[in-house]
Amino acid sequence: MSAQGLVASNLNLKPGQSLRVQGEVAPDAKSFVLNLGKDSDNLCLHFNPRFDAHGDSNTIVCNSKDGGAWGAEQREPAFPFQPGSIVEVFISFDKADLTVKLPDGYTFKFPNRLNLESISYMAADGDFKIKCLAFE
């Protein structure tokens, strides 16, 4: 993976707020990542759709990272991503968990394992080019 992605810090996303990420999936996409948290070692959400990477195909893998240590992976059954398409992902956040809304109306929750009270850091990486970032 190249580090061509976007990194934003000092976001100050509060519980009840959500982040809308719109981007373009590369035509030959293998995987992409959206990381949210306090910094690169403390992530309340590592969102990693894998088209064909790390032995997974068409699987969304989520995880958290606490003080540089990865938690337990959570895999989602839905995979509404196509290479070469524009996609929108909504991530809303509260004290208990993060809710991720995907393009086909599929929604899942991922626990806020770090009990973060605000999200200040976001990074995007892999085969995904961010077009628009909005707070709602």
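Residues numbered from 1 in each chain as written. Predicted model: local features only at pLDDT ≥ 70, side-chain atom pairs only at ≥ 80, totals over all residues. Heavy atoms only, no water.

Caption draft 1: Representation of the packing of aromatic side chains. Within this structure, the stated rule accounts for eight aromatic pairs. Ring geometry for F51 against F79: centres 5.1 Å apart, planes inclined by 85°, an arrangement best described as edge-to-face. Residue F51 is found in strand β4 (residues 42–53), and its partner F79 is found in the loop between β7 (74–76) and β8 (86–93); the two are separated by 28 residues along the sequence. The pair formed by F51 and F79 is uniform in burial state, with each residue classed as buried. (Phe/Tyr/Trp six-rings, centres within 6.5 Å; stacked < 30°, edge-to-face > 60°. Helix = DSSP H or I, 4+ residues; strand = E, 2+ residues; numbered from the N terminus. Buried < 20%, exposed > 50% of the residue type's maximum accessible area, 1.4 Å probe, protein only.)

Caption draft 2: Fine view of the UniProt feature "domain: Galectin" (unreviewed entry) in the protein. Under the feature "domain: Galectin" (unreviewed entry), the UniProt entry names residues 5–136. Between the first and last C-alpha atoms of residues 5–136 the distance is 22 Å; the span itself is 0% helix and 59% strand. (UniProt positions renumbered as here; feature names shortened; annotations may be inferred.)

Caption draft 3: Fine view of the nonpolar core. The biggest cluster of nonpolar side chains holds 34 residues, and the ones touching the most others in it are L45, F47 and F81. Listing elements by their share of this core, those giving two or more residues are β2 (18–25), β3 (32–39), β4, β5 (56–66), β8, β9 (97–101), β10 (107–111) and β11 (121–126). Setting aside anything within four residues of it in sequence, one finds F47 in contact with F32, V33, L34, N35, I60, V61, C62, F81, V89, V100, L102 and F108. (Core = buried A, V, L, I, M, F, W, Y, C linked by side-chain atoms within 4.5 Å. Contact = heavy atoms within 4.5 Å.)

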